[in-house]
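Listed below are the residues making up each chain.
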Amino acid sequence: MKMSGSAESLVPEGKSAPSFTLRHELVIWCSIIFYVADLCLDLWVCAAHFDAKKPKSGWFIFFCILLPNLYAGYKSLQWYLRAHELSPLRRPSVWIIRTLFFPISPILRYLDAWKYGRQARKHWKNHNLMLERKSFENYLVENAEVALLRLVIIFLEDAPIVVLNLAQLLQTPPDQWAKISEGRPDPEIVRLGSVIAKLSCTMTLGVVHYMSCNKLAWHLANTQNKKTQESDNSSTKDEWESKGRLSWAAELSIYCWQLLAITSRVIAYALFWVVHFNLLWIPILVRWTIHTLWIYFDVAEMSLINSIAFGGVYLFSFVTTSPGRQILRITLYYIITFGEHIIIAIFWYYGAPSNYFHNYGIGVMFGGTVGGMLFLAVYYGCFHPDKDSIWLRQKLADMQQRLREAKERQEHHSSV
């Protein structure tokens, strides 16, 4: 689960621009703002449930906030200690801050990434490319690790809260949403705003950021391996610039894919919550177990605890956990998803309350999944950063190869 490591030549020699650009800096500060805003939104929703005399929902949201952040803080502190085993920090204040504020460790990680990035830019201005390369490597490691921490927090904290609020919305007809108590926020508006904000911003953008960092980390690791086996040349030197980063079109297609896919998943569990709340643990436990075992045996470096955490992520979204065999993994994931959706649709159709959402619930659940698959095909078919992995390009290459072989056979027969 730890995404770190160093590469000796991440940054090409003799560059005319710094590696740590304004875009990198803006992403860090926007990520901090989103993290703080999401935490404040969750606390506000939690307080709104207590204020609406729903203590069970309030305590459920509270523990959904507390436990994932404690787990992320523990992992962050563990990685930090491991990173400084050989060169321990000697300032006690650093360790006091890391220990006291470990439940909000992503903020500390973002600040570390920003610090390394600024150092890289400073070294570039001083024409010290070796130190710039080292600082930028540290920035990439911090950025990749905090993206992973945020991914776990998002799906173990935000997803259950979204499912809860969606289920409460599905149980309440829209004509009752306008009944606002004097001096109090309307609980239905609070729920709806929370769901929209989390789906469109926090959850989806968190996945896009993680996949972007993950793709870059794997590509840089592969680039390092190549450099140890091959002689250094210009194509290898500039390779990560063209293949390691996601383009704007790729990020947009991933965003639309994840937005529709995650929406369909949270709606599926919200539908089941409404009709059979006491049995909701069964599909969640079965699927969580399937994905935990899948990840544990499929990813060699993944521990059991980290596989369990990622199994929770896979309840709501498919994210890349290791390179290679992506088509097979995606196919298997969506076969499981469609099977579960069909079962939930049957339970919902025969047990749902007769209100505005009775038919629209099933349509959005299946429509989101199909729409997400279309954008998934667009990403892998047109905008994947590794052009050798693009399905469309592979298919065209196979067709060209078959045409050449057919032409060669025809020429051979004609010559005979």
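Residues numbered from 1 in each chain as written. Predicted model: local features only at pLDDT ≥ 70, side-chain atom pairs only at ≥ 80, totals over all residues. Heavy atoms only, no water.

Going by this rule: UniProt positions are given in the numbering used here, feature names are shortened, and annotations may be inferred rather than shown by experiment.
Looking at an unreviewed UniProt entry, the protein carries the name XK-related protein, with the source organism given as Cherax quadricarinatus. In UniProt, the protein has this text filed under Sequence similarities (unreviewed entry): "Belongs to the XK family."

**As for the packing of aromatic side chains**
Just so we agree on the cut-off: Geometry of aromatic contacts follows a simple scheme: Phe, Tyr and Trp rings, the Trp one being its six-membered ring, pair when their centres are within 6.5 Å, and the pair is stacked under 30 degrees between planes, edge-to-face over 60, tilted otherwise. Secondary structure elements are defined from DSSP: runs of H or I of at least 4 residues count as helices, runs of E of at least 2 residues count as strands, and each element is numbered from the N terminus. For a lysine, the NZ atom is tested; for an arginine, the CZ atom; a charge sits over a ring if that atom is within 6 Å of the ring centre and within 35 degrees of the ring normal.
Within this structure, the stated rule accounts for 23 aromatic pairs. Ring centres of F338 and F366 lie 6.4 Å apart, and the angle between their planes is 20°; on these two criteria the pair is classed as stacked. Taken together, the positions of F338 in helix α12 (residues 326–351) and F366 in helix α13 (residues 357–383) put the pair 28 residues apart, joining distant regions of the chain. Among the aromatic side chains, those forming a connected cluster through ring pairs are W294, Y314, F318, Y333 and Y334. Of note, R23 hangs over the ring of W248, and the distance from its end group to the ring centre comes to 4.4 Å. The ring of Y116 has K115 lying over it, and the distance from NZ or CZ to the ring centre is 4.9 Å.

**Description of the environment of V162**
Put simply, the rule reads: For this analysis, residues touch if any pair of their heavy atoms sits within 4.5 Å.
Residue placement: V162 occurs in helix α5 (residues 129–170). For the pair formed by V162 and S194, sequence separation is 32 residues and the distance between their alpha carbons is 7.3 Å. Not counting chain neighbours up to four residues away, the residues in contact with V162 comprise V195, K198, M203 and V266.

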